[in-house]
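Residue-level listing of the chains:
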Amino acid sequence: MAFMKRVALAPRAVRQLRRVRSVYAVGMVLSLLGLILQADRTPGGRQVEIAAALVAAFAALFALTVIQLWRHRRTSHCATAKKLSPST
């Protein structure tokens, strides 16, 4: 991990990641709601397993986009990152 090269993202990619981040968050919340509602009806059913898999998938995708945006913001040589970072 220490030898991983930081690559700046294009402005379009940053905008797309920010849009997709909210979609993943909403998907995770809806899947969690479905998991809660299905767990009350039939514990251990196939619907519960599918809802749990969807929650895990959306959580992983959400975490991946957050990490990518965080790494992009930390890139000091990128003009896009400088524009998007809050001024101090």
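All of these numbers come straight from a predicted model, not from anything done at the bench. (Residues numbered from 1 in each chain as written. Predicted model: local features only at pLDDT ≥ 70, side-chain atom pairs only at ≥ 80, totals over all residues. Heavy atoms only, no water.)

Observations concerning a nonpolar patch on the surface
A contiguous nonpolar surface patch, about 380 Å² in accessible area, is contributed by Val26, Leu30, Leu33 and Leu37. Along the polypeptide, leucine 33 turns up in helix H1 (residues 11–41). (Patch = residues over 30% accessible without salt bridge, like charges linked within 9 Å, V, L, I, M, F, W, Y side chains within 5 Å. Areas by Shrake-Rupley, 256 points an atom, 1.4 Å probe, with all protein chains shown as cover. Salt bridge = Lys/Arg side-chain N within 4 Å of Asp/Glu carboxyl O. Helix = DSSP H or I, 4+ residues; strand = E, 2+ residues; numbered from the N terminus.)

Quick look at the packing of aromatic side chains
The final tally for this structure, using the stated rule, is one aromatic pair. Ring geometry for tyrosine 24 against phenylalanine 58: centres 6.4 Å apart, planes inclined by 50°, an arrangement best described as tilted. Taken as a pair, tyrosine 24 in helix H1 and phenylalanine 58 in helix H2 (residues 46–74) lie far apart in primary sequence, 34 residues in all. (Phe/Tyr/Trp six-rings, centres within 6.5 Å; stacked < 30°, edge-to-face > 60°.)

Points about the confidence of the model for the protein chain
A low pLDDT score tells you not to read the predicted coordinates there in detail. With 70% of its residues at a pLDDT of at least 70, the protein chain reaches an overall mean of 77. Here helix H3 (residues 79–84) stands out as the least confident element of the protein chain, with mean pLDDT 60; H2 is the most confident, with 85. (pLDDT = per-residue confidence, 0-100.)

Considering the side chain of serine 31
Positionally, serine 31 belongs in helix H1. One polar contact links the side chain of serine 31 to the main-chain carbonyl oxygen of glycine 27, over a distance of 2.8 Å. (Polar contact = N/O pair within 3.5 Å; in protein donor to acceptor, adjacent residues only side chain to side chain.)

Observations concerning the side chain of threonine 65
Mapped onto the elements, threonine 65 comes out in helix H2. Reaching out from threonine 65, the side chain makes a polar contact with the backbone oxygen of phenylalanine 62 at a distance of 2.8 Å. Other than its neighbours up to four places away in sequence, threonine 65 contacts Leu17, Arg21 and Tyr24. (Contact = heavy atoms within 4.5 Å.)

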